[in-house]
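# Structure at a glance
Letter by letter, the chains look like this.
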Amino acid sequence: MNRRRTIVMLNNDFRLHDHPALYNAVNSGDVIPVFIYEEEDQEKWSIGAAKKWWLHQCLHSFQQSLHEVGGKLWIFKGTANEILPRLIEETRAEAVYWNRSYHPEIYKSHIKLAKELSNHNLEIQTFEGITLLPPWSTTRKEHEPYRVFTPFYKAFPMKSVPQAYPSIKRMDTPNITLNSLMVEDLDLLPKEKWPDFLETAWEPTEEKAIQIFKHFCEEKLGHYGEDRDIPSREGFSKLSPYLAMGMISARSMFHYLLDYRNHTAFIRQLIWRDYAYQFLYYFPHSTTLPLQELFKEIRWNDDEDRFDAWKKGSTGFPFIDAGMRELWGTGYLPNRVRMVVASFLVKDLLIPWQKGAEWFWDTLIDADLANNTMGWQWVAGSGVDASPYFRIFNPATQSKRFDPDGAYIKKWVPELKDLPKKYIHEPWNAPDDALAKAGITLGKTYPLPIVDHAAARKRALDRYEEIKNK
DNA sequence: TGGCAGTTGCT
DNA sequence: GCAACTGCC
């Protein structure tokens, strides 16, 4: 007798633990896991370069994981709408399962797909595989999302977060002939040489993700509230790349955390993530347009040279430059630094936040459309629960507060490493002999600041004032 | 999930 | 001089 066959369509959920679609498929018969790589059709927010690199690593790793439990991964190129109907026919599958993606384009096309497939006498099921609870579940009223985080957080029904599904130990694959592409065929690796450090900074396995998480709970969770803001102390989890690719599940983290003391600050971050998904789900256009209409009117100073200086980490502000270089070198940035460099781009340089969002999207290996959008709209002040427009970070003050001994700066901006910590946050104020002694010539070995912060701050306030009075 | 200028009230 | 505080952007 033929066993029932289920196709599981994968998308940023490369794990065996707490995988609703895969788990349910495994329990109903033979499973055909497929990954369909939607080639760039110039669509906005298709995967950025860094995340492509990471996807390449993760696909290899997940192939191996599936192999170890008796499964196999089939890889295709194209769109799900073209490929799935053909697969269903060729494999004689009776069901198609997937965990929902909330990327607006993908979500839309999957809904359309589900409609089309339902004509084929198939069982179609979608599951929640990303967030703690589906984005529509904690709203003010039906279809009315929260506009401020704190009420969302307070209303969030922690007791309703479902238990994680057990890890899959064994799966059955039908004996079929079905050609799959190799990971290499997807051509995900960058053409140019990437910084060497990237190759060694991240290990793309589910086991590693879980190991990092457990280590985090044991060693760092207790001080997470304070240490997560100090980049040199690395008090944060560094799990975002794994979370973004679904190598670890938010739900399983959530339940595991409850057994530890001092878990509140971290769980709050997980709920921020759910909130970002609610934001993306209800405001899909927010990826490119300011949520508050007024902010469309801001007069930017879209200066390409300054944008380049920001991207390259040569703004002359050590803390900013350290961050931008870390981003380029590792595909990662601590949240505090993300906020400060983002504020600098938007407020000090008056460059549209969308350009910053695109740069982050291309360079972060943990790039996540919901988090990226919410973060940039927050900084720009144009989101719902946004930072007030007058909140402008002072790059030097933030540097002194969160990198007091300059360790982070020295790591990423080595040309300043011999400068005493007294001057390292604002080298333009250092006396000549201190600079000479450290072997620094401003404007030559390290740039002069590309803007005067005090003047830039005033200018930003003026520009925001203009729209306020409209 | 700020910063700044102006002020007070100390040394 | 300076911390601590205040009101405002």
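Criteria and cut-off values
Residues numbered from 1 in each chain as written. Chains lettered and ligands numbered in written order. Predicted model: local features only at pLDDT ≥ 70, side-chain atom pairs only at ≥ 80, totals over all residues. Heavy atoms only, no water. Near = heavy atom within 4 Å. Polar contact = N/O pair within 3.5 Å; in protein donor to acceptor, adjacent residues only side chain to side chain. Helix = DSSP H or I, 4+ residues; strand = E, 2+ residues; numbered from the N terminus. Expected span 1.5 Å × (residues − 1). Buried < 20%, exposed > 50% of the residue type's maximum accessible area, 1.4 Å probe, protein only. Arc of directions from axis to C-beta. Contact = heavy atoms within 4.5 Å. Salt bridge = Lys/Arg side-chain N within 4 Å of Asp/Glu carboxyl O. Phe/Tyr/Trp six-rings, centres within 6.5 Å; stacked < 30°, edge-to-face > 60°. Lys NZ or Arg CZ within 6 Å of the ring centre and 35° of its normal. Pairing = 2+ DSSP bridges. Axes fitted to C-alpha atoms, helices over the stretch in contact; angles between N-to-C directions. Domains from an automatic or database assignment. Nonpolar A, V, L, I, M, F, W, Y, C, P; charged D, E, K, R; others polar.

This brings us to the protein's contact with DNA strand B. The local shell around DNA strand B holds 14 residues, among which W272, M339, R391, I392 and R401 are the closest. The protein-proximal atoms of DNA strand B, defined as those within 4 Å of the protein, are 61% sugar or phosphate. F390 has a polar backbone atom sitting 2.9 Å from a base nitrogen of DNA strand B. In this structure, N394 approaches DNA strand B through a side-chain N or O atom, which is 2.9 Å from a phosphate oxygen.

This part is about helix α7 (residues 206-219). Its 14 residues place the ends of α7 20 Å apart at the C-alpha level, agreeing with the 20 Å of an ideal helix rising 1.5 Å per residue. Taken together, the buried positions of α7 are occupied by E206, A209, F213, F216 and C217. Seen end-on, α7 carries its buried residues on one side only, within an arc spanning 100 degrees. Every exposed residue of α7 that faces more than 90 degrees away from the buried side is listed here: E207, E218 and E219. Contacts from the buried residues of α7 go to α2 (49-68), α8 (224-227), α9 (240-244), α10 (250-257) and α11 (264-282).

When their charged atoms lie close together, side chains carrying opposite charge are able to pair. Overall, the coordinates contain 22 salt bridges when judged by the stated rule. Where E466 meets R299, a salt bridge forms, and the shortest distance between an N and an O atom there is 2.7 Å. Residue E466 is located in helix α21 (residues 453-468), and its partner R299 is located in the loop between α11 and α12 (304-312); the two are separated by 167 residues in the primary sequence. With a closest N to O distance of 3.2 Å, K355 and D302 form a salt bridge. Placement of the pair is K355 in helix α15 (residues 353-363) and D302 in the loop between α11 and α12, with a sequence separation of 53 residues.

Let us now look at the packing of aromatic side chains. Considering all chains together, one arrives at 43 aromatic pairs under this definition. A centroid spacing of 5.6 Å and a plane angle of 70 degrees characterise the contact between F279 and F283, whose relative ring orientation is edge-to-face. One exposure class covers both F279 and F283, and it is buried. Measuring from centroid to centroid gives 5.8 Å for F295 and Y464, while their planes differ by 65 degrees, and the two rings are edge-to-face. Of this pair, F295 sits in the loop between α11 and α12 while Y464 sits in helix α21, and the two are 169 residues apart along the sequence. You can call F295 buried: its relative accessible area is 12%. Here the aromatic residues Y146, F149, F152, Y153, F156, W272 and Y275 are joined through ring pairs into a cluster of three or more. Its guanidinium or amino end placed over the ring of Y332, R338 lies 5.4 Å from that ring's centre, counting from NZ or CZ.

The next thing to look at is helix α16 (residues 369-380). If you check α16, its first and last C-alpha atoms are 16 Å apart, about what 12 residues at 1.5 Å a residue would give, namely 16 Å. Considered for burial, the residues of α16 that qualify are L369, A370, N372, T373, M374, W376, Q377, V379 and A380. On its buried face, α16 sits against α4 (104-117), α11, α12, α14 (335-348), α15 and α21. Measuring from the backbone nitrogen of A370 back to the side-chain oxygen at the start of α16 gives 3.0 Å, which picks out D368 as the cap. Once α16 finishes, G381 follows within two positions and takes phi at roughly 80 degrees, a positive value.

Okay, the sheet that holds strand β1 (residues 5-10) next. Read across the open sheet, the 5 strands follow the order β3-β2-β1-β4-β5; overall the sheet is parallel. The sheet terminates laterally at β3 (74-77) and β5 (123-127), the two strands that pair on one side only. Neighbour-to-neighbour, the strand axes of this sheet turn through a mean angle of 25 degrees, independent of strand direction. In this structure, β1 lies alongside strand β4 (residues 95-99), joined through 4 bridges in parallel fashion. Residue I7 lies in a different strand from β4, and its bridge partner there is V96. Sheet contacts for helix α3 (residues 80-91): β1, β2 (30-37), β3 and β4; angle to β1, the most-contacted strand, approximately 160 degrees. With respect to the sheet, α4 is in contact with β1, β4 and β5, its orientation differing from that of β4 by roughly 165 degrees.

Okay, the domain arrangement of chain A next. Interface extent is often summarised as the accessible area lost during association of the parts. The domain architecture assigned to chain A consists of domain 1 (1-129), domain 2 (131-163 + 206-282) and domain 3 (293-469). A straight line from the C-alpha centre of domain 1 to that of domain 2 covers 25 Å. Between domain 1 and domain 2, the residue contacts involve 19 residues of the former and 21 residues of the latter. The interface formed by domain 1 and domain 2 contains 1 salt bridge. Ionic pairing is found between R251 and D18, a salt bridge with its closest N-O pair at 3.3 Å. Elements supplying a minimum of two residues to the side of domain 1 that touches domain 2: α2 and α4. The biggest single contributor to the side of domain 1 that touches domain 2 is α2, with 5 residues. Tallied by class, the residues present in the side of domain 1 that touches domain 2 amount to 9 nonpolar, 4 polar and 6 charged.

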